[in-house]
Amino acid sequence: MELHHQTLHEVHEKLKKKELSSVELTQAVFKQIGKTEKKIKAFITLTEEMALEQAKKADAVIQKGGNFPPLTGIPLALKDIFLLKGTRTTCGSKILSNFVAPYTATSVENLLRDHAVIVGKLNMDEFAMGSSNETSAFGPCYNPWDLKRIPGGSSGGSASSVAAGHCFGSTGTDTGGSIRLPAAFCSLVGIKPTYGRVSRYGVIAFASSLDQVGPLAKDVTDAAILLKSLAGHDPKDSTSLNLPVPDYQKSLGRKIEGMTIGIPKEYFVSGLEPEIEKAVRDAIEVYKKLGAKIREVSLPNTDAAVPTYYILAPAEASSNLARYDGVRYGFRHPEATDLLSLYKKSRTEGFGPEVKRRIMLGTYVLSAGYYDAYYLKAQKVRTLIRNDFTAAFKECDLLLTPVAPSAAWKVGEKTDDPLKMYLSDIFTINVNLAGLPGMSLPCGFTKEGLPIGLQLIGNHFKEETMLQAAFAYEQATDWHTRRPKL
Amino acid sequence: MTYETIIGLEVHAQLLTASKIFCSCSTKFGASPNGNSCPVCLALPGVLPVLNKKVVEYAIRAGLATGCTIAKKSVFARKNYFYPDLPKGYQISQYELPICIGGKIDIAVNGEKKTIGLTRIHLEEDAGKLLHEHPTTRSKGASWVDLNRAGVPLIEIVSEPDLRSAEEAVAYLKTLRAILIYLEICDGNMEEGSLRCDANVSIRPVGEKKFGTRVEIKNMNSFRHIENAIHHEVRRQEEVLKEGGRVIQETRLWDSEKEITISMRSKEEANDYRYFPDPDLLPLLIDDSWINAVHQNLPELPEAKKARFMSQHQLSEIDAETLTSSKSLADYYEACVKIYGDAKKISNWILTELLRELNNSGEPIEQCKVKPDGLSGLLQLIDQGKISGKMAKAVFLDMVKTGESAKDLVAKQGLSQVSDASTLEPIIDKIIIANPNEAERYRQGNEKLIAFFVGQVMKETQGKGNPALVNEILKRKLKP
Ligand SMILES: [Zn+2]
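For clarity, every value in this text was computed on a predicted model and none was experimentally measured.

J.: Sorry if this is basic, but what is going on with the sheet that holds strand β5 (residues 90-94) of chain B here?
T.: The pairing of strands in a sheet happens through backbone hydrogen bonds and is either parallel or antiparallel. Ordered by their spatial adjacency, three strands build an open sheet running β5-β4-β16 (chain B), and the pairing between neighbours is antiparallel. Only two strands of the sheet have a single neighbouring strand rather than two, namely β5 and β16 (276-277) of chain B. The pairing of strand β4 (residues 76-80) of chain B with β16 of chain B spans two bridges and is classified as antiparallel. When the sheet's bridge partners are listed, A77 of chain B is paired in β16 of chain B with P277 of chain B. Taken strand by strand, helix α9 (residues 305-320) of chain A contacts β4, β5 and β16 of chain B, and its axis lies near 65° from that of β4 of chain B.

See the structure below:
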C-alpha cells in the first residue's frame, strides 16, 4: 500500500526499523497534501515549517534508540478547535479568523509530549455546530470516497484528511456525534471517550457538559494509540477525572467470548435506511460468531434525545460564545461606532447563520419565564436518558447500534432544512447526554460505494471493553483495509 | 401620614486571597493595567475555571462568624450579560444554591441592640474596570479595559429587609465590616472598593404589613454616602407618595456631589441574566471535616476578644468594647500590652490620648505614626521618672506629628526631668529665701502654699523638675 495510506502503527514500525525518517515521512505527507488537498479542502491552516522542525526533533529521539512512544515522528492534524501556541485557531469561524493561539491545549501538549508531528489545523463546522462541515466559514470539506458528498461533521476535516492520507490520525471533538458521524462517513475509526476522560482545556467550548475530545484513525489500533496519548487527568479542567489511563493497546486481541452485547430496539426503526440496517445486522452476526451473547434491550427515552440536546447544547453555547464580542481579540467590525454597534456588527458579521440560530435558541430557552419549561425540563429528561443506559448496562457489557440513519449525503442536500440535518445525529446524541464512551468503526459500504459505520457504546470509563470488541470485529472483517481513490 | 423605612443591604466584599478565584493570577492592587491577567481571566477561547480552595475557606469563615448554615452542596451559576469589563460575557456566581444560608448580625444604635437577619452569602467573581482615559497618554475619546480585577473573589452578603433607618444601615455595615476584618478575609476598604454596598429601600405607612415598592441604590462608597443616600431616597419616596404618585421599581445611582439619587434603569430595562448552572465547574461539596477545620482556625471575634480583655486584663466593659470595636485597635492595644505590660495604663492612654488624636486627624490607626513600641517607650519614660505624666502628654503630641521616639524627642528638646536632688536643692533654697512671707505662712500651717512653691520651682526648672522629688525636698526644707 502507498505510504500515505498505511496505518499509524505500520509507519511507526518503519520508523522503528529506520526504514525511513520522520522528516521523510512528513515530506511525503506534504507531497500528498499538495496533490489532493485541493480536492477535499480538509485543512484551514497548514503548518509545514513547524511540522518539519518537529519531525527533526522526533528523528533525534528515534536516533537515540531505545523505546519511544508510538506517536513519535508521526504526522497528525488537529481539528481547528484545538489551541496550538503560535498557530491560527479559527474554530471554523470568521469571528476567530485572525486569532493566533497564545497557549496550547492540554490534549495537544500530550501529543507533543509523545513527539507527534502536527501538519496543520483542520476544517470543521463553525464552532462545531453542524453535521456536514458545511457551516465552516472557510468553505465546505469534501468526502474522499465521493467528492460530491460531505464528509460528515462537525469534525469533517479530521475525517477527510485521515481518509485521504493527509495525516496518519487526527483529533476531533464530539458534542452530539461530531467524531463518530464523520468517521462513519469516511470509513474510519472514531472514538468519543467518556466525559472527563480527555481534558477540555484549550479546546474551544461549544456545549461544555457534552463536549469531549477524541481521535479519528484508520483502524482500532491507531485509535487506541491516539486515545492513550490524549487522555489523562488535567488539573486545569475541573470536569476531568482523576483516573489512571490504561494502555488501551493491551486490551486489543483479548477474546470477546461471553461478552454480552445489547441491541437497543429503538435504534432500528423507521428512518433507518435498509442498506445501513443490513450492514449493522451483518455485524451483529459477526459478533455472534465471535462468541458474543446478543441481547435486545430497550432505551425507552431515545426519542427525546434530539429535542433534549437542542435545548441543552444551544443553552450552553449561547453563554460560551458570549466572549466573542470584538473587544479583546478576534473579528471586530471596522464600522463600529459605539459599544452597542461594536457588539452587534461584530457578532452579526462574525458568526454564520447556524451559529446565530443556536445562540438565539439557547438564549430563548434560558430566558425568564421559559427556563423551567425548557432548560430545566431538558435536564430532567437528560437524567432519564442516563438512567436508560444505566439499566441497559446492568445486563450488557456493550451496546451496538448504527452510527447514522444514512450514509454521506450530497453537498447542499440538507443545508436548507436544519431539522433534517439535526436528525442525522439521532443515534449519537444520547451517548453525549449520558456522558458515555462511544465509537464508530467501518462495517460496510452502500451499493454506491459509501462507507457505513457501526457504533459501539460502552459503560462509563469502559473504553477498553469497547476497543476490545471493536478490534475483534476488525480482525474478522476487512472494511478497514479499504482506501478511497482520489 | 407617617412612614416606616425598610432597608435591606447587599454587600460585596473582596476576599484577601493571594490569587484570583478561578485562575492563579495575583489579586494585588496597583499592578499595571492587565498586568494581573492570564488566558483564563482574559476569557480566551478554550480556557476553563478551576476553583481556588482558599476562597471557599474564607466564605466558610464568613458564614460561621455570622451564624449561617454552610451548604453541603452549592452550585456555581453563570450570570449572563454583555459588558466590556466582563470578558466571558457572563459572571460566575452562585444563584439557587449559595454556599451560606441564613445567619444574623447583632448591631447597636444609640445603645439599643437589634438583630439583623442574613438571607445568604454567596461566592462570585469580580468584573474588571473600564477606563475612559488612557492610563499613560491620558488621551480620551475611547475606553480602555483593565482586567486586573476580573476574577478577584467576592462574597455577596445579603441581609433580610430588617433595617429600619439609615443609622441602622450604617451600624449594620460597620459591624459587618469589623467582622470581615476580624476574620482576616477582607480589608474593608470602601474607597478602593474592597467593600461595596447596595441598598434596597422602600417605605410603607406605619402599621402596614405589606412592603412598599423597593428601589435599589448603588454607587455609595463611604458610610456617609450610605447614610445620606438613604435619607435622601426615603424623603424622595415620601414626596412621591404624598403627591399621590407611585414609587416605581428601579435602580438609582447616588450622586455624592449633588447629594441626590438618579434613575439608572427601570425594572423593564433590567437585564434578564439567564442564570444556569456553570457546566465547567462541579457542584461545590463541603463536608463536616472541612467546616470543622475552618471553625477551629477561626480568628478570635470581637465578642470573644472583649470578654477576654475584661477577664484577663480587668478592663471595664465599656473600655473593652471600645478597644475591640476594630481589629486594628485591638491588635494595637494587645501589642502594647505585650511590650509594656500594664494593661490598665495602656488602655487609658489609648482610649484618651490616642483615640482623641485619631479622631482629630481622621486617620485610621494603621497610619498613626506612633506604633505600639513608641507608645510603650513613652510610658516607660514616665515610670523611670525621666518625664512627668504631663510632659508625656506633650511629648506624645510631638510623636504623633513626627513619628520620632519619646526618648529622642525628650533628648532633643532637653525635656529630661531633673531627678537629681543636688541640682534641685540650690534652686529650692534660693526660692525659699526669695519668698520669706510665704515660707513663714506655710510653717504656720497654711500647707496649701506648697503648690505655690512647686510652681515656682517648676518655673525655674522650665517644668523639668521631678514633681515628686521637688515636693519632698520642699516639705523637708520648709519644716518648722
Ligand atoms: Zn488570570
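And the narrative resumes.
J.: Explain helix α11 (residues 353-366) of chain A here, please?
T.: Residues lying three or four places apart along an α-helix face the same way, a consequence of the helix completing one turn every 3.6 residues. Here α11 of chain A contains 14 residues, and its C-alpha end-to-end distance of 20 Å stays within 8% of the 20 Å for a straight helix at 1.5 Å per residue. Among the residues of α11 of chain A, those classed as buried are E354, V355, R358, I359, G362, V365 and L366 of chain A. With its buried residues spanning 140° around the axis, α11 of chain A presents them on a single face. Exposed residues on α11 of chain A whose side chains face more than 90 degrees from its buried face are P353 and M360 of chain A. Turning to α11 of chain A, the residues buried within the fold contact α9, α10 (339-350), α12 (372-395) and α13 (418-422) of chain A together with β16 of chain B.

J.: Any chance you could explain the coordination of the zinc ion here in plain terms?
T.: Reference values for angles at a metal are 109.5 degrees in the four-donor tetrahedral case and 90 or 180 degrees in the six-donor octahedral case. Residue and element names in this part refer to chain B. Those protein atoms acting as donors to the zinc ion are C23 (SG), C25 (SG), C38 (SG) and C41 (SG), and they sit at 2.3 to 2.4 Å. In this structure, the zinc ion is surrounded by four donor atoms whose angles at the metal cover 100 to 115°, and the resulting shape is tetrahedral. Expressed as a motif, the donor residue spacing for the zinc ion is C-x1-C-x12-C-x2-C. There is no split in this pair, since C38 and C41 are both buried.

J.: Can you help me understand the interface of chain A and chain B in this one?
T.: Many descriptions give the size of an interface as the accessible area lost when the pieces come together. With 37 residues of chain A at the contact, the number on the chain B side is 31 residues. Counting the surface lost from both chain A and chain B, the interface buries some 2,700 Å², and carbon and sulfur atoms represent 60% of this. If you sort the residues of chain A by the area they bury against chain B, S238, R323 and R328 of chain A come out on top, with a joint share of 22%. Seen at the junction of chain A and chain B, the total is one salt bridge. A salt bridge links D280 of chain B to R200 of chain A; its shortest N-O distance comes to 3.1 Å.

J.: Would you take a moment to explain the packing of aromatic side chains for this structure?
T.: The geometry of an aromatic ring pair is captured by the separation of the ring centres together with the interplanar angle, meaning the angle of the planes. Under the defined criterion, the tally for this structure stands at 25 aromatic pairs over all chains. Measuring from ring centre to ring centre gives 5.1 Å for W145 of chain A and F445 of chain A, while their planes differ by 55°; the resulting arrangement is tilted. Highlighted residues: W145 of chain A in the loop between β3 (117-122) and α5 (156-163) and F445 of chain A in strand β10 (residues 438-445), separated in sequence by 300 residues. For the pair shown, W145 of chain A and F445 of chain A are each scored as buried. Here Y375 of chain A and F276 of chain B contribute two aromatic rings whose centre-to-centre distance is 5.7 Å and whose plane-to-plane angle is 65°, an arrangement assigned as edge-to-face. You can see Y375 of chain A sitting in helix α12 and its partner F276 of chain B sitting in strand β16, one on each of two chains. The pair formed by Y375 of chain A and F276 of chain B is uniform in burial state, with each residue classed as buried. Counting every residue linked through ring pairs, the aromatic cluster contains F99, F127, Y324, Y329 and F351 of chain A. The ring of W409 of chain A carries the charged tip of K414 of chain A above its face, separated from the ring centre by 3.9 Å.

J.: Explanation requested: the domain arrangement of chain A in the structure shown.
T.: Residues and elements named next belong to chain A. Domain boundaries assigned for chain A yield domain 1 (3-255) and domain 2 (305-379). Taking the mean C-alpha position of each, domain 1 and domain 2 sit 28 Å from one another. With 20 residues of domain 1 at the interface, the matching set in domain 2 holds 19 residues. Carbon and sulfur atoms supply 64% of the area that domain 1 and domain 2 bury against each other, a total of about 1,700 Å² over both sides. In terms of surface lost to domain 2, no three residues of domain 1 exceed K94, I95 and M129, which account for 37% of the buried area on that side. At the boundary of domain 1 and domain 2, one finds one salt bridge. Here E349 makes a salt bridge to K94, at a shortest N to O gap of 3.4 Å. The tally of links between domain 1 and domain 2 comes to nine residue pairs in polar contact (both at pLDDT 80 or more). Residues belonging to the side of domain 1 that touches domain 2 are distributed by class as follows: 10 nonpolar, eight polar and two charged.

J.: Explain the state of the cysteines here, please?
T.: What we call a disulfide is simply a covalent bond connecting the sulfur atoms of a pair of cysteines. Under the criterion given, the structure shown has zero disulfides over all chains. Considering cysteine sulfurs only, C186 of chain A is the nearest to C141 of chain A, which forms no disulfide, with 7.5 Å between them.

J.: Quick question: what am I supposed to make of the side chain of T446 of chain A here?
T.: By secondary structure assignment, the location of T446 of chain A is in the loop between β10 and β11 (451-458). T446 of chain A has contacts with E275, A407 and I452 of chain A, leaving out every residue within four places of it along the chain.

J.: Sorry if this is basic, but what is going on with the environment of L25 of chain A here?
T.: Residue and element names in this part refer to chain A. Summarising the element assignment, L25 is placed in helix α2 (residues 22-40). L25 sits in the buried class, given a relative accessible area of 0%. Taking C-alpha positions, L25 is 25 Å from W479, a pair spaced 454 residues apart along the chain.

J.: Would you mind going over the pairing of strand β9 (residues 398-402) of chain A with me for this structure?
T.: Side-chain positions along a regular strand alternate between the two faces of the sheet. Residues and elements named next belong to chain A. The buried fraction of β9 amounts to five of the five residues, a majority that puts the element mostly inside the structure. Residue alternation in β9 divides its side chains into two sets, L398, L400 and P402 and L399 and T401, and both sets are buried. Relative to β9, strand β7 (residues 260-264) runs parallel, the two being bridged by two bridges. Residue I261 lies in a different strand from β9, and its bridge partner there is L398. Where β9 lies against β11, five bridges are found, and the strand directions are antiparallel.

J.: For this particular structure, what's the right way to read the nonpolar core?
T.: For soluble globular proteins, nonpolar side chains are generally found buried alongside one another. Judged by nonpolar contacts, the single largest core of 158 residues is most densely connected at F127, Y287 and F389 of chain A. Ranked by residues supplied to this core, first place goes to α9 of chain A with nine residues. Beyond its immediate sequence surroundings of up to four residues, F389 of chain A is in contact with Y267, L299, L399, N430, A434, L436 and I457 of chain A. Residues A62, I92, L173 and L176 of chain B belong to the second largest nonpolar core, which totals 64 residues.

Definitions and limits used
One numbering rule holds for all chains: residues counted from 1, following each sequence as written. The lettering of chains begins at A and the numbering of ligands begins at 1, in the order of writing. pLDDT decides what is reported in this predicted model: residues at 70 or higher carry local features, side-chain atom pairs at 80 or more are listed and counted, and totals for whole chains, interfaces and linings draw on all residues regardless. Hydrogens and water molecules were not included; the side-chain quantities draw on all heavy atoms of the structure. Whether two strands pair comes down to DSSP finding at least two bridges between them. In this description a helix means any DSSP run of H or I spanning at least four residues, a strand means any run of E spanning at least two, and both kinds are numbered starting from the N terminus. Should any heavy atoms of two residues lie within 4.5 Å, those residues are considered in contact. Whenever a helix is involved, its axis is fitted only over the stretch in contact; in every case the axis is a line through C-alpha atoms, and angles between N-to-C directions fall within 0 to 180 degrees. Multiplying 1.5 Å by the helix residue count minus one yields the expected span of that helix. Relative accessibility under 20% of the residue-type maximum defines a buried residue, over 50% an exposed one, and the middle range a partly exposed one, all with a 1.4 Å probe and only protein chains included. The arc in question is traced by the directions running from the helix axis to the C-beta atoms. Coordination here is defined by N, O and S atoms within 2.8 Å of the metal (3.2 Å for Na, K and Ca), and since water is not considered, a site can look incomplete. Working rule for geometry: tetrahedral if four donors all subtend angles between 85 and 135 degrees; square planar for four, octahedral for six, if opposite donors exceed 155 degrees and the others stay between 65 and 115; irregular in every other situation. Simply put, the buried area is the total loss of 1.4 Å probe accessible area from both parts when two parts are fitted together. The salt bridge criterion pairs a side-chain nitrogen of Lys or Arg with a carboxyl oxygen of Asp or Glu, the two atoms within 4 Å. In summary, the pairing rule links any two rings of Phe, Tyr or Trp, Trp by its six-membered ring, whose centres are within 6.5 Å, and it sorts them by plane angle into stacked for under 30 degrees, edge-to-face for over 60 and tilted for everything else. The criterion is that NZ of a Lys, or CZ of an Arg, lies within 6 Å of the ring centre and within 35 degrees of the ring normal, and then a charge sits over that ring. Boundaries of every domain are those given by an automatic assignment or by a domain database. In protein, a polar contact means a hydrogen-donor-capable atom and an acceptor-capable atom, both N or O and within 3.5 Å, with residues adjacent in sequence counting only if both atoms are side-chain atoms; elsewhere, any N or O pair within 3.5 Å suffices. Polar here means any residue outside two lists: the nonpolar Ala, Val, Leu, Ile, Met, Phe, Trp, Tyr, Cys and Pro, and the charged Asp, Glu, Lys and Arg; Gly therefore counts as polar. Sulfur atoms of two cysteines make up a disulfide when they are within 2.5 Å. Only buried residues count toward a nonpolar core. Its members are Ala, Val, Leu, Ile, Met, Phe, Trp, Tyr and Cys residues joined through side-chain atoms within 4.5 Å.

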